Amino acid sequence: MIYEVRAVAPFHKNGFVIGCERTHEAVVIDPGDEAGDLLAAVRDSDVQVTHILLTHAHIDHITGVAQVKDALAVPVYLHKDDLPLYEHAVQQGQMFGFAVRQPPPVDAYYDLNPIYFGDYEVRVHHTPGHCPGGVCLQIGRKGTGGADLFVGDTLFAGSIGRTDLPGGNYEVLMHSITTVLFPLGDEAVVHPGHGPDTTIGRERATNPFVLEYLRG
Ligand SMILES: [Zn+2]
Ligand SMILES: [Zn+2]
């Protein structure tokens, strides 16, 4: 798997280019302020991007959608429950004091069908709680349950997504983490929207927020 991650100030939000090493088809995940770096990675890795996939529509995850769509002219995918956030990107930016360009329209909503690029498939799992339309993108070889999880801001190494923004809900978030993400397996590698990678097993065993929740 071709794997490129980039992040820049102020949000230090991870954007990804994930590609098939055989066919060089690829997806871009969550293009934000680092969109220029992601486009450079697309050129340097010599991949053909087929989809822009969004884990959710908070502003830090979508500020680069317009730039990437302009450059690559590929469809943008989002969970429909995050459309209100997406459509209010400019207002979200104002909340944080940033001038934001309204992203282009969403081309498709996630459904139950996997998305394919090269020899890989993306399985989409709805993981609300941080926001209504948060998803986990599970990527692996076609026909397998992939072991790479792009979880957006649902789960971090040693932490969990905030639930104090509009549409956030703590109980819903913990339910998503423990009943949707954890069954994907202790070996699965978690690529969060911010900060370093972790694994499901490590978070299940050591994440203080998870342990507190499971203690009830
Ligand atoms: Zn977020
Ligand atoms: Zn974020």
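What comes next concerns the included structure. Computed from a prediction, not measured in an experiment: that's the story for all the values here.

**With respect to the coordination of the zinc ion (ligand 1)**
Put simply, a metal with four donors set out as a tetrahedron has ideal angles of 109.5 degrees, and one with six donors set out as an octahedron has ideal angles of 90 or 180 degrees. Every protein donor of the zinc ion (ligand 1) is listed here as His56 (NE2), His58 (ND1), His130 (NE2) and Asp153 (OD), and their distances to the metal cover 2.1 to 2.4 Å. Considering all 4 donor atoms around the zinc ion (ligand 1), the spread of angles at the metal, 84 to 169°, places the coordination shape in the irregular class. In primary sequence terms, the donor set of the zinc ion (ligand 1) follows H-x1-H-x71-H-x22-D. Separating the zinc ion (ligand 1) and the zinc ion (ligand 2) is a distance of 3.6 Å, and aspartate 153 donates to both of them. One end of the pair, histidine 130, is in the loop between β8 (120-126) and β9 (135-141); the other, aspartate 153, is in the loop between β10 (148-152) and β11 (155-156), and 23 residues separate them in sequence. Pair check on accessibility: histidine 130 and aspartate 153 agree, each one buried.

**Some details on the coordination of the zinc ion (ligand 2)**
Looking at the zinc ion (ligand 2), one finds its protein donor set to be Asp60 (OD), His61 (NE2), Asp153 (OD) and His194 (NE2), positioned 2.1 to 2.2 Å from the metal centre. Taken together, the 4 donor atoms coordinating the zinc ion (ligand 2) and their angles of 86 to 155° define a geometry best described as irregular. On the basis of relative accessible area, aspartate 60 is assigned to the buried category, the value being 9%.

**A look at the pairing of strand β2 (residues 15-19)**
Within β2, 5 of the 5 residues are buried, which leaves it mostly tucked inside the rest of the structure. Residues of β2 alternate between two faces, with Gly15, Val17 and Gly19 on one and Phe16 and Ile18 on the opposite face, all of them buried. Here strand β1 (residues 2-6) runs beside β2; their pairing, made up of 5 bridges, is antiparallel. Bridge assignment links tyrosine 3 to a residue of β2, and that residue is isoleucine 18. Following β2, the chain reverses through 5 residues before pairing antiparallel with strand β3 (residues 25-29); histidine 24 in that reversal takes a positive phi of roughly 65°.

**Quick notes on unusual backbone geometry**
In this structure, proline 10 follows alanine 9 across a cis peptide bond, with omega equal to 0°. Among the secondary structure elements, proline 10 is positioned in the loop between β1 and β2. The phi angle at histidine 12 is positive, at roughly 50°, despite the residue not being glycine. On the secondary structure map, histidine 12 appears in the loop between β1 and β2. Unusually for a residue other than glycine, aspartate 30 sits at a positive phi of about 55°. Looking at where aspartate 30 falls in the secondary structure, it is placed in the loop between β3 and α1 (35-45).

**A look at the pattern of salt bridges**
What the rule picks out here adds up to 11 salt bridges. Where arginine 141 meets glutamate 21, a salt bridge forms, and the shortest distance between an N and an O atom there is 2.4 Å. Residue arginine 141 is located in strand β9, and its partner glutamate 21 is located in the loop between β2 and β3; the two are separated by 120 residues in the primary sequence. In this structure, the salt-bridge partner of lysine 80 is aspartate 81, at a minimum N-O distance of 3.6 Å. The exposure class assigned to lysine 80 is exposed, which follows from its relative accessible area of 51%. Each of the salt bridges in this network shares a partner with another, and the network as a whole consists of Glu21, Arg22, Asp119 and Arg141.

**Thoughts on the packing of helix α5 (residues 170-181) against helix α7 (residues 208-215)**
It is the contact of α5 with α7, at a shortest axis distance of 11 Å, that shows an interaxial angle of 100°. The orientation of α5 with respect to α7, classified from their angle, is roughly perpendicular. Mapping the contact onto sequence places Tyr170, Glu171, Met174, His175, Ile177 and Thr178 in α5 and Phe209, Val210, Tyr213 and Leu214 in α7.

**A closer look at the sheet that holds β1**
Across a sheet, strands are paired by hydrogen bonds formed along the backbone, either parallel or antiparallel in direction. The sheet built from 6 strands is open, its strands ordered β1-β2-β3-β4-β5-β6 with mixed pairing. Unpaired on one side and paired on the other, β1 and β6 (108-109) mark the two borders of the sheet. Here β3 pairs with strand β4 (residues 48-53) via 5 bridges, running parallel. In the strand pairing of β4, glutamate 25 is matched with glutamine 48. Helix-sheet contacts for helix α2 (residues 65-72) involve β3, β4 and β5 (76-78), and the interaxial angle to β4 is about 150°.

What counts, and where the lines are drawn
- By convention here, each chain's residues receive numbers from 1 onward along its written sequence.
- All chains are assigned letters beginning at A, and all ligands numbers beginning at 1, according to the order in which they are written.
- The predicted origin of the model limits local features to residues at a pLDDT of at least 70 and limits the giving and counting of side-chain atom pairs to 80 or more, whereas totals for whole chains, interfaces and linings rest on all residues.
- In computing side-chain values, all of the structure's heavy atoms are included and hydrogens and water are not.
- With water excluded from the atoms, a metal site may look incomplete; its donors are any N, O or S atoms within 2.8 Å, or within 3.2 Å for Na, K and Ca.
- When four donors show all angles between 85 and 135 degrees the site is tetrahedral, when four or six donors have opposite pairs over 155 degrees and all other angles between 65 and 115 it is square planar or octahedral respectively, and in every other case it is irregular.
- Numbering of helices and strands runs from the N terminus, with a helix taken as a DSSP run of H or I at least four residues long and a strand as a DSSP run of E at least two residues long.
- Three labels apply to residues, based on accessible area from a 1.4 Å probe with only protein chains included: buried if under 20% of the type maximum, exposed if over 50%, partly exposed otherwise in between.
- Pairing between two strands requires that DSSP report at least two bridges joining them.
- Basic side-chain nitrogens of Lys or Arg form a salt bridge, by our definition, when they fall within 4 Å of a carboxyl oxygen of Asp or Glu.
- Axes, fitted as lines to C-alpha atoms, cover a helix only where it is in contact. Angles between the N-to-C directions of the axes lie from 0 to 180 degrees.
- An angle below 35 degrees is treated as roughly parallel, one above 145 as roughly antiparallel, one from 65 to 115 as roughly perpendicular, and anything else as oblique.
- Pairs of residues are marked as contacts when any of their non-hydrogen atoms sit within 4.5 Å.

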